[in-house]
Amino acid sequence: MMKILSLFAATLLLAAQTGIAAPAPTQVTLTPGQISQNYVVAVDASTQALTITLNGSGGDLDLFVRYGTPFPQPSTAVSYQSVDMSTINHYAHYHALSSDSNESITILPGGRFPLQAGNWYAVVVNDATAGTGTGTLSATLSTSPPVGSITFDFDNPSTDASD
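Below you will find a few notes about this structure. (Residues numbered from 1 in each chain as written. Predicted model: local features only at pLDDT ≥ 70, side-chain atom pairs only at ≥ 80, totals over all residues. Heavy atoms only, no water.)

### A few points about the overall build of the protein chain
Piece 1. When its secondary structure is counted, the protein chain shows one helix and 11 strands.
Piece 2. Ordered by position in the sequence, the α and β elements of the protein chain form the string β-β-β-β-β-β-β-α-β-β-β-β.
Piece 3. Burial statistics for the protein chain: of 163 residues in total, 34% are counted as buried.
Piece 4. Accessible surface, the protein chain: about 9100 Å² in total, of which carbon and sulfur atoms supply 55%. (Helix = DSSP H or I, 4+ residues; strand = E, 2+ residues; numbered from the N terminus. Buried < 20%, exposed > 50% of the residue type's maximum accessible area, 1.4 Å probe, protein only. Areas by Shrake-Rupley, 256 points an atom, 1.4 Å probe, with all protein chains shown as cover.)

Set out below in structure tokens:
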């Protein structure tokens, strides 16, 4: 059974403990170099797969996910950039980076950072040098383990008994 959960926008002061329900799907709009707020997905012990997806356009939106504690957020109290893409990448347990703005991360119990009950945090970064990026951020939790598939093509002309 699949459950689509909306992501929750977490403020810096309340991020580790509570979230404010955001409308599903959650819209993200970022200027070049901008980092989104933390979004939190609460996962329970029955969850076997968590997929966080970003469908976007414009800019170069990249997706970062970590477990347990929120990503650091840029400070408005200083005149310099206190948190940048390198900082976010350092703290991330998972990241999806490409030259466009469509990213997806699936976390499983057998992963490098195993899926476990608790709060998973996601941030989006616009890594473009020019152009605003806009995207839709969503999370899917499954209580059934994913099933993979393997396809064998024995009719391929390059396949023979010596392979």
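### Looking at the nonpolar core
Piece 1. Grouped together as the largest cluster of nonpolar side chains are 22 residues, with contacts concentrated most on Leu50, Ile52, Leu63 and Val65.
Piece 2. Residue assignment for this core shows that the elements contributing at least two residues are β4 (26-30), β5 (38-43), β6 (49-57), β7 (61-67), β8 (94-96), β9 (102-107), β10 (118-126) and β11 (133-142).
Piece 3. In this structure Leu63 touches Ile52, Tyr94, His95, Ala96, Glu103, Ser104, Ile105, Ala122, Val123, Val124 and Leu137, once residues within four positions along its chain are discounted.
Piece 4. Ile35, Phe64, Val83 and Ile88 belong to the second-largest nonpolar core, a separate cluster that totals 10 residues. (Core = buried A, V, L, I, M, F, W, Y, C linked by side-chain atoms within 4.5 Å. Contact = heavy atoms within 4.5 Å.)

### Comments concerning the packing of aromatic side chains
Piece 1. Summed over all chains, the structure comprises three aromatic pairs.
Piece 2. Ring centres of Tyr67 and Trp120 lie 4.9 Å apart, and the angle between their planes is 55°; this geometry places the pair in the tilted category. On the criterion of sequence distance, the pair formed by Tyr67 in strand β7 and Trp120 in strand β10 is long-range, its members being 53 residues apart.
Piece 3. On the basis of an interplanar angle of 75° and a centroid distance of 6.2 Å, the ring pair of Tyr94 and Phe113 is categorised as edge-to-face. Of this pair, Tyr94 sits in strand β8 while Phe113 sits in the loop between β9 and β10; the two residues are 19 residues apart in sequence, bridging distant segments of the chain.
Piece 4. Taking relative accessible area as the criterion, Tyr94 reaches 15% and is therefore assigned buried.
Piece 5. Taking the relative accessible area as the measure of exposure, Phe113 reaches 28% and is therefore partly exposed.
Piece 6. Each residue in the set Tyr67, Tyr94, Phe113 and Trp120 is aromatic and connected to the rest through ring pairs, giving one cluster.
Piece 7. Over the ring of Phe71 we find Arg66, and its NZ or CZ is 5.9 Å from the ring centre. (Phe/Tyr/Trp six-rings, centres within 6.5 Å; stacked < 30°, edge-to-face > 60°. Lys NZ or Arg CZ within 6 Å of the ring centre and 35° of its normal.)

### Points about a nonpolar patch on the surface
Piece 1. Taken together, Ile150, Phe152 and Phe154 make up a surface patch of nonpolar side chains, about 440 Å² in accessible area.
Piece 2. In this structure, Phe154 sits in the segment after β11. (Patch = residues over 30% accessible without salt bridge, like charges linked within 9 Å, V, L, I, M, F, W, Y side chains within 5 Å. Salt bridge = Lys/Arg side-chain N within 4 Å of Asp/Glu carboxyl O.)

### Some remarks on the pairing of β6
In the case of a regular strand, side chains alternate between the two sheet surfaces.
Piece 1. Here β6 lies mainly inside the structure; seven of its nine residues are buried.
Piece 2. Sheet topology places β6 next to β9; six bridges connect them, and they run antiparallel. By the bridge assignment for β9, Leu50 is matched with Ile107. (Pairing = 2+ DSSP bridges.)

### Some thoughts on the pairing of β10
Piece 1. Of all nine residues making up β10, seven are buried, and the element is well covered by its neighbours.
Piece 2. Bridge count for β7 against β10 is seven bridges, and the pairing is antiparallel. Following the sheet pairing, Asp62 is matched in β10 by Val125.

### A word on the environment of Thr53
Piece 1. Within the secondary structure, Thr53 sits in strand β6.
Piece 2. Sequence separation between Thr53 and Ile105 is 52 residues, and the spatial gap between their C-alpha atoms is 6.5 Å.
Piece 3. If we ignore the near neighbours within four places in the chain, the residues touching Thr53 are Glu103, Ser104, Thr136, Leu137 and Ser138.

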